[in-house]
Amino acid sequence: MALPRLLFLWATVAAVAAASRPPWDSIARLQPGTNDARQAVAVRELLERLLGPRAASAFSVSVNRSLAGPGGLDTYRLSSRAPGVVNVAGSSGVAAASGIYQYLKDYCGCHVSWSGKQLRLPDSLPPVPTEIIVTSPNRFRFYQNVCTQSYSYVWWNWERWEQEIDWMALHGINMALAFTGQEAVWQRVYLSLGLNQSEIDEYFTGPAFLAWNRMGNLHTWAGPLPLSWQLKQLYLQYRILERMRSLGMLTVLPAFSGYVPRGILRVFPRANATRMGSWSHFDCTYSCSYLLSPEDPMFQVIGTLFLKELTRQFGTDHLYSADTFNEMRPLSSDPAYLSQVSAAVFRSMTGADPRAIWLMQGWLFQHQPDFWQPAQVRALLQGVPLGRMVVLDLFAESKPVYPWTESFYGQPFIWCMLHNFGGNHGLFGTAESINRGPFAARGFPNSTMVGVGLTPEGIEQNDVMYELMTDLGWRKEPLDLRQWVSNYATQRYGASNAQAAAAWQLLLQSAYNCSGPYTNHNRSPLVHRPSFRMTTELWYNESNVYEAWRLLQSSVDVLGASSTFCYDLVDVTRQAMQQLVSRYYLEIKQAFQSRMLSRLLTAGGILVYDLLPELDSLLSSDKRFLLGRWLEAARLSATSDQEAVLYDLNARNQLTLWGPNGNILDYANKQFGGLVLDYYGVRWSLFVSTLVECLNTGTPFHQSHFNQAVFQVERGFIYNGKRYPTKAMGNTLDIARKIFLKYYPSAVQHNCSRAA
C-alpha cells in the first residue's frame, strides 16, 4: 500500500498549496484556452452552417478577449461600415455568436430553436445605425443537467451534437458539462487497479441509465455496457470538446465522487467502504452502491488516478463536476464528517489539477431539506476553500436555496432554471419567476451569484422558456414579457400575425406562468398508469389553452407553411387533448362510482377508441414527435444485433417502466406518436374494460389486481419488438383541423358549463 499512501500525501500537499490563493482568484482566471483567432474561425464556420455561402460576405467576425467587461464579463459589439455587411466583435467566440443571433432576431426577424429554424433573410442585411455594445452581467451562462445526458443526449451522433453546440453558442452558453465518454476512462482505471472485466460489467448500467450510475444511485441495471459503446463515446467526446472549446466555451469534466464497484473490495479488502441505502424504489439488486470513506487513502488514489487519465485524454478547462449525495442520504449528519467528504472530493481534484474548481449541483439541499439544515449545508460547502467551488442553485425558479444559506455561505453560485423533469412533454413555464429571479439574486445582500444557467433534465420541449432564459442572460433588468412574447411569435414564424400573437399572450399568462407548488413533471392521467387517485388539477385556466388553440388553428392559412408554426400547432393541440383526457377520466370515474354503465361505456369509448387514436395520429404526422426516431437512434448506436436489442430495451424502458418492475414508473413519460396508441392507449383500454367487467359482474375494483394485469401490458410493450415509423405520416394541418372541428366545440361548452 506504499503507492496509495504516497499519492495521498502528494494530493494533500497540492490541495494545501492551491487553497492558499486569494478567494475567487481561481474563478477570475478561468479563460477559454483557445486563442482568439481560432475562436473567430469557429464562429465563421458556425455562420456558414447556419446561413450557407452568403455568411462569409454578410458578416465580418472578430474575437478579442480585451473587449471583455470588468471581471471578464462577455461583451459583443455590432456595427455596419459597408452596405450589406455587419461587423461583429466579441470578447469570445460565444459572445460573437450571441451578438450575431441577437442581430438576426432584432433586425431580420429570425429564430433558432430545438424544434426548428426560421431564417428568412432580406437580400441585403439591414445596417446597424449606431454601434451597439452589450456586456452580460453574468460571468457564466451555464447549460446542462447531469440527467440530460441520459434523458436527451444518450443516442446522439456527431451531427446532432454539432447542431446542439451551435444552438449553445448562438444562445450565449459559455460553460457546459462534457460528460460523454467517461466510462472508457473509468474502464482503464478499474483495470489498472486490478478489477476484472466481469466486475466492471456488473457495475456499469446500460446507456440510458448512466447518469444515475455516475452519481452512485444505480449499478448493473439494463447492462452490461458494451466496450464498443465506450469506444464510440470516447471518440465522440473528442469532437464535442474540440468544438465547444473552439467557440470559447468552458467545459466541465466529471470527477470522482466516492462511489466504487463492489470489485474494489476484492482487490483492496482493507478499503473502508460503506454500502449505502437503496435509491428511489430500487432494491439492492441494482442500487445500494459502495461509498469510500473520505479518510481512506484509496479515495485519493482512485480520484486522482481517474482525473489524471481523463485530463490526459481530453485536456482541461479546470472545471470538474461531482455529486456525492444526489438523492442519497449521507451516512452521518455530523458537520465534521460532511466537511471531510467535500474536502476529500476536492483534494482528489487538486491532486490531478492544482487549479481545479468544483462545480456542484445544489439539488441535494432542496431535495432533502430535513437532513440539509444550515449546519450541514455550511459544513459541506466550507470543506472546500471559498471560491474553489461553484454551486448550481439548480431549481432556483421555484425553490431557490441561496436565500436561506446566505448565498451558499460564501461560495459562488449560478442561478438556474431547471424547468423540466424527465424530458416530459407538456406546456409549462414560470415566466414571471425567471424574469425577476436572477435580478433579485444578484441584488441579495452579500450575493455571491456569478451567473445564470439552464439545467433541464430533458430538452426539446417548451422552446419559449429557453429562448427567454437565454435572452435574460444578457440583461441587466427584467423584460417586458408581453412585448417580448409578441416579438417571439413574429420571429418564430417569420411573419407578424395578430391571432398567433394573441395565442402566445394567452399561453404566457396561463401555462407559462406557473407560480404555485407545481413542477414541470407531467401528472396528466394521459401518461400515467390509470387509477382512481389521479390528479387533474392545473395551475392555469384551461380555457386559455382552448382559446390559444382556436387562435392558432385560425392562423393556419397564413402561417401553415412555417415548420415552427406546425410544431406549435401540434404541441398546443396536444395540450388541449391532454386536458380532454382529464375530463373523460373524471367522467369514467364518476360513472363507475355511480354504477352507470352506459355513461362509463360512452366516456370510455370516446377516450379509448377516438381521442387517443386521434392524438396518436396527430403526433405521428410530425417527425419531432415520433417514437420511431428515438428507438431508431438507439438501434443505430449499436454495432451488432445483440447490442441493438439491448439499446432498444434501454430506450423503451426509460420512457415507461424506468426499472425492471416499474420502479420509477412513467417518470420520463413522452407524448410520442406510437407510444400514445401502443402504450398509454392499451393501458386505458384495459382500465375501462376492467371497470365495465366489474359493473357487469357486481365485483369491486381492486387497484392491486389491476396493477398486476397492466404491468404485463407495460412490460409487453418493452419486449414487443415492433418497429415504429421514423418518418412522419399524414398531413399535420388536415389532421389538426379534423381534431379541432371534432373536439373544440364540446371542450368550450364543457368549460362554460363548469364556469356557470
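Residues numbered from 1 in each chain as written. Predicted model: local features only at pLDDT ≥ 70, side-chain atom pairs only at ≥ 80, totals over all residues. Heavy atoms only, no water.

Under an unreviewed UniProt entry, the name given to the protein chain is Alpha-N-acetylglucosaminidase, and the organism recorded is Podarcis lilfordi. Within the UniProt record for the protein chain, the comment given under Sequence similarities (unreviewed entry) is "Belongs to the glycosyl hydrolase 89 family." The record in UniProt for the protein chain states the following under Catalytic activity (unreviewed entry): "Hydrolysis of terminal non-reducing N-acetyl-D-glucosamine residues in N-acetyl-alpha-D-glucosaminides." (UniProt positions renumbered as here; feature names shortened; annotations may be inferred.)

Draft legend 1. Structural view of the overall build of the protein chain. Helix and strand content of the protein chain: 30 helices and 17 strands. Its C-alpha atoms give the protein chain a radius of gyration of 26 Å, near enough to 27 Å, the size a compact globule of 756 residues would have. The principal-axis extents of the C-alpha atoms in the protein chain amount to approximately 80 × 70 × 50 Å. Considering the protein chain as a whole, with its 756 residues, one finds that 63% of them fall into the buried category. Within the protein chain, contacts between residues separated by at least 24 positions form 77% of all contacts whose residues are at least 6 apart in sequence. For the protein chain, the accessible area works out to roughly 27,200 Å², and carbon and sulfur atoms hold 53% of it. Here the protein chain contributes 64 positively and 58 negatively charged side chains, and the mean placements of these two sets differ by 2 Å. (Helix = DSSP H or I, 4+ residues; strand = E, 2+ residues; numbered from the N terminus. Rg over C-alpha atoms; globule rule 2.2 N^0.38 Å. Buried < 20%, exposed > 50% of the residue type's maximum accessible area, 1.4 Å probe, protein only. Contact = heavy atoms within 4.5 Å. Areas by Shrake-Rupley, 256 points an atom, 1.4 Å probe, with all protein chains shown as cover. Lys, Arg positive; Asp, Glu negative; His and termini not counted. Charge placed at Lys NZ, Arg CZ, Asp CG, Glu CD.)

Draft legend 2. Here's a closer look at the packing of helix α8 (residues 182-193) against helix α11 (residues 227-246). Interaxial distance between α8 and α11 falls to 7 Å at its minimum, and their mutual angle equals 120°. Classified by the angle their axes make, α8 and α11 are oblique. Here E183, A184, Q187 and R188 of α8 come into contact with α11, specifically with L227, Q230 and L234. By residue class, the composition of the contact of α8 with α11 is 3 nonpolar, 2 polar and 2 charged. (Axes fitted to C-alpha atoms, helices over the stretch in contact; angles between N-to-C directions. Parallel < 35°, antiparallel > 145°, perpendicular 65-115°, else oblique. Nonpolar A, V, L, I, M, F, W, Y, C, P; charged D, E, K, R; others polar.)

Draft legend 3. Representation of the nonpolar core in the model. Of all hydrophobic cores here, the largest spans 267 residues; its most connected members are F59, W212, F325, M349, F365 and W658. Contact partners of M349, with chain neighbours within four places excluded, come to A255, L307, Y320, A322, A356 and W358. (Core = buried A, V, L, I, M, F, W, Y, C linked by side-chain atoms within 4.5 Å.)

Draft legend 4. Seen up close, helix α20 (residues 481-493). Taking 1.5 Å per residue, 13 residues should reach 18 Å; α20 reaches 18 Å between its end C-alpha atoms and fits that length. Its side-chain oxygen 3.2 Å from the backbone nitrogen of R482, D480 forms the N-cap of α20. In the segment just after α20, G494 is the residue with positive phi, at about 75°. (Expected span 1.5 Å × (residues − 1). Polar contact = N/O pair within 3.5 Å; in protein donor to acceptor, adjacent residues only side chain to side chain.)

Draft legend 5. Region of interest: empty space enclosed by the protein. Within this structure, the stated rule accounts for 9 cavities of 30 Å³ or more. Here the largest cavity defines a volume of roughly 230 Å³. Surrounding the largest cavity, 20 residues form its lining, Q182, R214, M215, A255 and S257 being those nearest its centre. Elements with a minimum of two residues in the lining of the largest cavity: α8 and α10 (210-214). The element contributing the most residues to the lining of the largest cavity is α8, with 4 residues. When grouped by side-chain class, the residues that make up the lining of the largest cavity number 12 nonpolar, 5 polar and 3 charged. In this structure, the second largest cavity encloses a volume near 110 Å³. Around the second largest cavity, the lining is made up of 13 residues, and of these Q149, V154, T180, R214 and Q233 lie nearest the centre. Those elements that provide at least two residues to the lining of the second largest cavity are α6 (148-151), α10 and α11. (1 Å grid on protein atoms, 1.4 Å probe; cavity = no way out; pocket = protein on both sides within 12 Å on 5 of 7 lines; lining within 4 Å. Points joined across faces, edges and corners; volume = space filled by probe spheres on them.)

Draft legend 6. A look at the packing of aromatic side chains. On inspection of all chains with the given rule, the structure shows 64 aromatic pairs. An angle of 40° between the planes, with centres 5.7 Å apart, marks the rings of W155 and Y647 as tilted. In this pair, W155 sits in the loop between α6 and α7 (158-170) while Y647 sits in helix α27 (residues 641-655), placing the two residues 492 residues apart along the sequence. For the pair W155 and Y647, a shared accessibility class is recorded, and that class is buried. (Phe/Tyr/Trp six-rings, centres within 6.5 Å; stacked < 30°, edge-to-face > 60°.)

Draft legend 7. Here's a closer look at the sheet that holds strand β1 (residues 59-63). The sheet built from 4 strands is open, its strands ordered β1-β3-β2-β6 with mixed pairing. Both outer strands of the open sheet, β1 and β6 (132-135), are each paired with one neighbouring strand and no more. In this sheet, adjacent strand axes meet at a mean angle of 15° when their direction is disregarded. Along the sheet, helix α5 (residues 93-108) makes contact with β1, β2 (75-82), β3 (85-90) and β6, crossing β1 at roughly 150°. (Pairing = 2+ DSSP bridges.)

Draft legend 8. The pattern of salt bridges, seen in detail. Enumeration according to the criterion identifies 33 salt bridges in this entry. For D370, the salt bridge identified is with R329, shortest N-O distance 3.4 Å. Residue D370 is found in the loop between α15 (363-367) and α16 (374-381), and its partner R329 is found in the loop between β13 (319-321) and α14 (335-350); the two are separated by 41 residues along the sequence. Since its relative accessible area comes to 52%, D370 is described here as exposed. A salt bridge links D610 to K742, with the shortest nitrogen-to-oxygen separation between them at 3.0 Å. Highlighted residues: D610 in helix α25 (residues 597-620) and K742 in helix α30 (residues 732-755), separated in sequence by 132 residues. Through salt bridges that share partners, R49, E162, D166 and R243 make up one connected network. (Salt bridge = Lys/Arg side-chain N within 4 Å of Asp/Glu carboxyl O.)

Draft legend 9. Representation of the sheet that holds strand β11 (residues 273-275) in the model. Read across the sheet, 3 strands follow the order β10-β12-β11 without closing on themselves; strand pairing throughout is antiparallel. Only two strands of the sheet have a single neighbouring strand rather than two, namely β10 (259-260) and β11.

Draft legend 10. How the structure looks around helix α28 (residues 675-697). Compared with an ideal rise of 1.5 Å per residue, which puts 23 residues at 33 Å, α28 spans 32 Å between its outermost C-alpha atoms and is within 8% of the ideal. In the structure, α28 departs most strongly from a straight axis at G681, where the bend amounts to approximately 35°. Once α28 finishes, G698 follows within two positions and takes phi at roughly 75°, a positive value. (Bend = angle between axes of the 7 residues up to and from the residue.)

Draft legend 11. Representation of the pairing of strand β7 (residues 140-143). Across the two faces of β7 the burial is the same, with F140 and F142 and R141 and Y143 all buried. Across 2 bridges, β7 lies against strand β8 (residues 175-177) in parallel orientation. When the bridges of β8 are listed, Y143 appears paired with A176.

Draft legend 12. Inspection of the pairing of strand β17 (residues 449-454) at higher detail. Across the 6 residues that make up β17, a large majority, 6, are buried. Relative to β17, β7 runs parallel, the two being bridged by 4 bridges. Across the sheet, the residue bridging to F142 is G453, located in β17. Both strand β16 (residues 413-417) and β17 contribute to a ladder of 5 bridges, which runs parallel. Directly across from C416, in β17, lies its bridge partner G453. In this fold, β16 hands off to helix α18 (residues 431-442), which returns the chain to β17; that crossover is right-handed. (Right-handed = clockwise from strand over helix to strand, strands pointing away.)

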